[in-house]
Every structure is written in C-alpha cells, then in structure tokens.
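Geometric and topological summary
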Amino acid sequence: MNRPLRTTLGGALTAAMLTTVAVAPAQAHPAGRPPAVLALPDGFQPEGIATAGRYAYFGSRATGAIQRVDLVTGRGTTIGAATGTPSLGLKVDGRGRLFVAGGTAGDARVLDTRTGEVLARYQFATTPTFVNDVVLTRDAAYFTDSNRPVLYRLPLGRGGALPPADAFTTITLSGAYEQVGAGVNLNGIAPTPDGRALIVVQSNTGTLYRVDPATGASTVVDVPGHTFTNGDGLLLLGRTLYVVQNRLNQIAVVRLNHTGTAGALTSTITDPAFDVPTTVAKALGRLYLPNARFTTPPTPTTPYTAVAVRTH
C-alpha cells in the first residue's frame, strides 16, 4: 500500500475494464452482427458482467451460478455451480481468472474461466455486509462494500499469484465520504484516468468520490450541477466515465480530467429496452448492460435480457 498507485493501476487496467454481458439462447445475427437485445436464462437474475475475447461471463444474484457465453454464437455453458449466495460484480484478468464479489456472503471468489473451478475464496466480513463490485489493477483487486465505508484490497503476487485466504487489507474511507443510512452506499468502482486513484459511486446520494487506496482518503469528484442517484456500475474508457443509474434506466456519460478530481456531464444514454440495468461493459464496439429488473418480482420463469447500445 506504500507504493505509488501509478505502478499499481497502470498497464493492466485496459483488459480489466473492457467487460461485457453474456447471452443465453442464440438469436438471428443479420450480416453477422450480434443482436442488440440478448435473451438470458429465465429466473437467472443477472447483475455483474465480464468478458475475455469472444466469451462473456455473468453471475446470478439469486443462486451465485456463473455462465460463460460465446457472444458471437450466443451459446452458453454453466461453468460455476450455484453457491446459494450472490455473484455480483465480476472482472476477468489476463490469466483466465474470474473475480467475483459475493454480496451478502461478505466474500470474494476467484474462478477458472475454463473449468469453473474455485481457485480461492476470501471472507472479508460478516453481517452486515454487501460486497458489491470489483476492479482489477496490476497487483491488486479492490472490492466495494455497500454496507460499510470500506474497500477491500486483495494483493496479487509475482505473476499474479493469489494470496492466502487471510492476506487481504480493509481500507477505511476518510475525508469527504460519509456513510448514509442503511441503504446501498458504495457501489461501482473504477480507476481514475491517470491510474493513480480509484473512483467509487455512492448510490443513495448520487455522489462520485476519488479515493486514494494507499490511505482511504476521499474527495468529491466535482461534476457541477449533477449527481448520480441510483449509481451502480462504472466503466472508464480513456477519460470517459460511464455511470449506470439503474432505476432511472439510463447511463450518465462524464468526461473527467486527467486526475479524476472533476468532470462534466456530456450526455445521457437511454434505451426502450432498459429494465433496471445494473452494470456496463464494452465489447464488439458497443456497451452492454444486463437488465436486473429490480422492480419486477422474480420467479423461476421471469425472463431476463441484456441490452447493447452505442458508445457516446
């Protein structure tokens, strides 16, 4: 934690940030172009998304199962067995490993994307906890907890080696950040454009914060005239930050300065097919979002989809 974050967050961020959604039943692909609306398994209750190459991975917040799907053909395979606890934020690294935020279980799992084997599990906290999202850096994975004012840092060793089960750090946030009430606080997480810090969104206040992961010190990201209520997944592409506002059925597009201390809202993306999208990822030149459908009572036969939209 004493190393400058430039060496921590540089280089390896590109692959970690380019994530997308998985599909289930194949649909027609006119002229070879993947469909804009993708059918997901009935009853699955998707939340986070991640990709590597042409394969996408998504987890069930209901059962914790993980599916791998070929985005070109639409064929899917279950690679991770149901755990009985949520699988929320997902990221894939360059070594074929899927990092999974465990929600109310207070944990994280790391799976082999080829076999679904659980390579490691880390118990960060016990009730009340809600480990919500994850971002990967060159030598660490950082997780948010929506019920606690902390980040969890999972250090990666030489060659990306996974640490022992107890070798994680809990980083308490200080400075501008304040925990508010019992609702969803910390949610999505992304790096700053310069790779020196992290950006998190507080869902219930709509505030973006820049966090120094070496100390936990936080400052408000100044976006004049705008807050991001119901902010969920974050995606940084260059200096453009995409903020999913789930129950508002929209993506706020923010142009950040180099250090991530300030930005300006440049546009808002909506789509008629949005039905409470939670997280956003890029693949095949488009943004993909899974519809969590939080306002629809879930049943084993409730249909779920993911939606592709153009980048702005």
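Scroll up to find the structure this text is about.
For the structure given in this document, a descriptive report is provided here. (Residues numbered from 1 in each chain as written. Predicted model: local features only at pLDDT ≥ 70, side-chain atom pairs only at ≥ 80, totals over all residues. Heavy atoms only, no water.)

Quick notes on the overall build of the protein
We count it as follows: Only DSSP runs of H or I with at least four residues qualify as helices, and only runs of E with at least two residues qualify as strands; both kinds are numbered from the N terminus onward. Exposure classes here rest on a 1.4 Å probe applied to the protein chains alone. A residue is buried below 20% of its type maximum, exposed above 50%, and partly exposed in between. The contact criterion used is simple: two residues touch if any of their non-hydrogen atoms lie within 4.5 Å. Computed with a 1.4 Å probe, the accessible areas rest on the Shrake-Rupley method; for each residue, only the protein chains presented here act as cover.
Secondary structure summary: the protein contains 2 helices and 25 strands in total. Looking at the protein residue by residue over its 312 residues, the buried ones come to 56%. Contacts spanning at least 24 positions in sequence make up 49% of the contacts within the protein whose residues lie at least 6 apart. In the structure as shown, the protein presents an accessible area of about 11,900 Å², 54% of it carried by carbon and sulfur atoms.

Focus: the packing of aromatic side chains
Defined as follows: Two rings from Phe, Tyr or Trp (for Trp, the six-membered ring) form a pair when their centres sit within 6.5 Å of each other. Planes less than 30 degrees apart are called stacked, planes more than 60 degrees apart edge-to-face, and all others tilted.
In this structure the tally under the stated criterion is 5 aromatic pairs. A centroid spacing of 4.7 Å and a plane angle of 70 degrees characterise the contact between Phe-44 and Phe-58, whose relative ring orientation is edge-to-face. Placement of the pair is Phe-44 in the loop between strand S1 (37-40) and strand S2 (46-52) and Phe-58 in strand S3 (residues 55-60), with a sequence separation of 14 residues. With respect to class, Phe-44 is no different from Phe-58; both count as buried. When the centroid spacing of 5.2 Å and the interplanar angle of 75 degrees are considered together, the rings of Tyr-177 and Tyr-209 count as edge-to-face. With a gap of 32 residues between them, Tyr-177 in the loop between strand S14 (174-175) and strand S15 (186-191) and Tyr-209 in strand S17 (residues 207-211) connect regions that are remote in the sequence. Residues Tyr-177 and Tyr-209 agree in their burial class; the two are buried. Taken together through their ring pairs, the aromatic side chains of Phe-124, Phe-143, Tyr-152 and Phe-168 make up a single cluster.

Digging into the sheet that holds strand S7 (residues 97-101)
We count it as follows: Following DSSP output, two strands are said to pair if at least two bridges run between them. The angle between two axes is taken between their N-to-C directions and runs from 0 to 180 degrees, where each axis is a line fitted to C-alpha atoms and a helix contributes only its stretch in contact.
Pairing is antiparallel in the open sheet, where 4 strands are placed in the order S6-S7-S8-S9. The outermost strands of the open sheet, each flanked by one partner alone, are strand S6 (90-92) and strand S9 (118-123). Sheet twist, expressed as the mean angle between neighbouring strand axes with direction ignored, is 15 degrees. Inspection of the sheet shows S6 paired to S7 by 3 bridges, in the antiparallel sense. When the sheet's bridge partners are listed, Leu-90 is paired in S7 with Val-100.

What to know about the pattern of salt bridges
Definition in use: Take a side-chain nitrogen of Lys or Arg and a carboxyl oxygen of Asp or Glu: if they are within 4 Å of each other, that pair is a salt bridge.
Summed over all chains, the structure comprises 6 salt bridges. Measuring nitrogen to oxygen at the nearest pair gives 2.8 Å for the salt bridge that ties Asp-275 to Arg-293. One end of the pair, Asp-275, is in the loop between strand S22 (263-269) and strand S23 (281-283); the other, Arg-293, is in the loop between strand S24 (286-290) and strand S25 (304-310), and 18 residues separate them in sequence. A relative accessible area of 19% places Arg-293 in the buried class.

Let's talk about the sheet that holds strand S18 (residues 217-220)
Taken in spatial order, the 5 strands make up an open sheet running S14-S18-S17-S16-S15, and their pairing is mixed. Every other strand in the sheet has two partners, leaving S14 and S15 as the edge strands with one partner each. For S15 and strand S16 (residues 198-202), the ladder comprises 4 bridges, and the chain directions are antiparallel. Bridge pairing in S16 places Pro-191 opposite Leu-198.

Side note on the environment of Gly-48
By the element assignment, Gly-48 lies in strand S2. In this structure Gly-48 comes out as buried when scored by relative accessible area, which is 1%. Separated by 41 residues in sequence, Gly-48 and Gly-89 place their C-alpha atoms 4.4 Å apart.

Brief notes about the nonpolar core
For clarity, the cut-off: By nonpolar core is meant a set of buried Ala, Val, Leu, Ile, Met, Phe, Trp, Tyr and Cys residues that side-chain atoms within 4.5 Å join together.
In this structure, Phe-99, Phe-124, Ala-141, Phe-143 and Tyr-152 are the most contacted members of the largest nonpolar core, which totals 17 residues. Excluding residues that lie within four positions of it along the chain, Phe-124 makes contacts with Gly-106, Asp-107, Ala-108, Val-131, Phe-143, Tyr-152 and Phe-168. Among the nonpolar cores identified, the runner-up in size contains 14 residues, and Ala-190, Val-221, Leu-236 and Val-254 belong to it.

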